[in-house]
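Spelled out from the first residue to the last, the chains are:
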Amino acid sequence: MPGVEISGVSGESVVVTGAARGIGRAVAHAFAEAGARVALWDRDQAVETAASELRAAEDTRTVAVRADVSDPADVRKAFDHSESVHGDVAVVVHAAGVLRTGSALGMSDEDWQECLSVNATGTMLVAAEAARRMAPRGRGAITVIASNAAATPRIGMAAYCASKAAAAAFTRSLGLEVAGRGVRCNIVSPGSTDTAMLRESWTGDADFASTLAGDPAAFRLGIPLARIATPDDVARAALFLSSDAARHITLHDLRVDGGATLDL
C-alpha cells in the first residue's frame with residue numbers, strides 16, 4: 001500500500017525484529033510504506049543491506065540495528081539506540097525466529113535450546129522491554145509473529161511448536177497485565193509461508209505439493225485456499241493489528257494460514 005498513511009502507524013517509531021529477510025523484512029517494508037520510521041533489528045549483518053535497500057526504495061528514515069534478541073543486554077541497547085534515532089518506540093513487531101526440525105525422541109540438546117532461546121526467551125525479552133517503555137507513556141502496540149504450529153502438533157517439529165507456544169502464551173499474559181495502561185499485545189500466527197526458512201526445510205518439489213494437499217501419514221491438513229502465503233500476507237496482518245483500525249483488539253491470535261488449521 002505505497003503512499004497510504006495509516007492512522008496509528010504513520011510517523012511513529014517502529015521496531016521490527018528479524019528484519020534481515022523473510023517475514024521480518026516484509027514487515028519493515030510494509031511499515032515504511034505506511035509512513036513509519038522503522039528500526040530493523042537482526043543479528044545477521046544482512047540487516048544492513050535490508051535497511052539500505054529500504055531507504056533507497058521508500059526514501060524514508062530507517063536504521064539497521066545488529067541485535068541478538070536472546071541477549072538481555074543486546075535488547076536493551078537496541079531499544080536505546082532505536083529510540084535515540086527515531087524517538088519513543090510506539091510499535092514493535094517481533095518477527096525474529098528460528099526453525100529446527102527433528103523427532104521429539106531424537107532432537108539434539110542444541111536444537112531444543114536454540115528454539116527456546118530465540119523463539120521463547122527472545123519474545124519475552126523484546127516484548128517485556130517494549131512494554132516497560134510503553135506502559136508509562138500510556139500507549140503502544142506489540143505484535144508477535146508466532147506460528148499456527150503453536151497450537152497444532154506437528155510431527156518432526158516438537159521444539160519449534162513448544163517454543164512458539166511459549167511465545168504466544170507469554171504475549172497474552174503480558175498483554176493482560178498492560179492492557180489497562182494503553183498497550184495492546186497481539187499475535188500473528190502464519191502457516192506455511194514462502195520464505196528461505198520454509199524452503200530450507202523441504203527436500204524436493206514433492207514437499208510443495210504435499211504442503212498444499214496435506215499429508216495424512218503425518219496427520220497434517222492441506223491448505224484450503226490452495227496457496228502458500230507470501231511474507232507480505234503476514235506483514236499486512238501485523239500492520240493492521242498495529243494500527244488504530246485495531247485499537248480495540250488485544251490478546252488476539254490472528255491466523256494467516258489459508259485455513260490450514262481450520263482456525264482451531
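Rules used throughout
Residues numbered from 1 in each chain as written. Predicted model: local features only at pLDDT ≥ 70, side-chain atom pairs only at ≥ 80, totals over all residues. Heavy atoms only, no water. 1 Å grid on protein atoms, 1.4 Å probe; cavity = no way out; pocket = protein on both sides within 12 Å on 5 of 7 lines; lining within 4 Å. Points joined across faces, edges and corners; volume = space filled by probe spheres on them. Helix = DSSP H or I, 4+ residues; strand = E, 2+ residues; numbered from the N terminus. Nonpolar A, V, L, I, M, F, W, Y, C, P; charged D, E, K, R; others polar. Expected span 1.5 Å × (residues − 1). Bend = angle between axes of the 7 residues up to and from the residue. Axes fitted to C-alpha atoms, helices over the stretch in contact; angles between N-to-C directions. Parallel < 35°, antiparallel > 145°, perpendicular 65-115°, else oblique. Left-handed = near helix turned anticlockwise from the far one by under 90°. Contact = heavy atoms within 4.5 Å.

Trainee: I would appreciate a short explanation of the layout of surface pockets in the present structure.
Mentor: Sizing a probe to match a water molecule and rolling it over the atoms shows the empty space that remains. Approximately 190 Å³ is the volume attributed to the second largest pocket. Every residue along the wall of the second largest pocket is listed here: Gly8, Glu12, Ala90, Val91, Arg139, Gly140, Ala141, Gly182, Arg184, Ser242, Asp244 and Arg247. Elements supplying a minimum of two residues to the lining of the second largest pocket: strand E4 (89-94) and strand E5 (140-145). Here the residues of the lining of the second largest pocket sort into three nonpolar, four polar and five charged.

Trainee: Which parts of the structure should I look at to understand empty space enclosed by the protein?
Mentor: Going through the model one piece at a time under the given rule, you end up with one cavity of 30 Å³ or more. Roughly 60 Å³ of internal volume is contained in the largest cavity. Every residue along the wall of the largest cavity is listed here: Asn148, Arg154, Gly191, Ser192, Thr211, Arg220, Leu221, Gly222, Ile223 and Ala260. Taken together, the residues that form the lining of the largest cavity break down as three nonpolar, five polar and two charged.

Trainee: Sorry, what's going on with helix H4 (residues 109-134) here?
Mentor: In an α-helix, one turn spans 3.6 residues; hence positions three or four apart end up facing the same way. Over its 26 residues, H4 runs 36 Å from end to end, which matches the ideal 38 Å to within 8%, given 1.5 Å per residue. Of all the bends found along H4, the most pronounced is centred on Gly122 and spans about 35°.

Trainee: Explain the packing of helix H1 (residues 22-33) against helix H2 (residues 46-58) to me, please; I cannot follow it from the model alone.
Mentor: Packing of H1 against H2 leaves a shortest axis separation of 11 Å and a crossing angle of 30°. With respect to each other, H1 and H2 are oriented roughly parallel. Between H1 and H2 the crossing geometry is right-handed. Residues Arg25, Ala28, His29, Ala32 and Glu33 of H1 form the contact with H2, whose participating residues are Ala50, Glu53, Leu54 and Glu58. Here the contact of H1 with H2 is built from residues that sort into four nonpolar, one polar and four charged.

Functional significance is not addressed by these values, which are geometric in nature.
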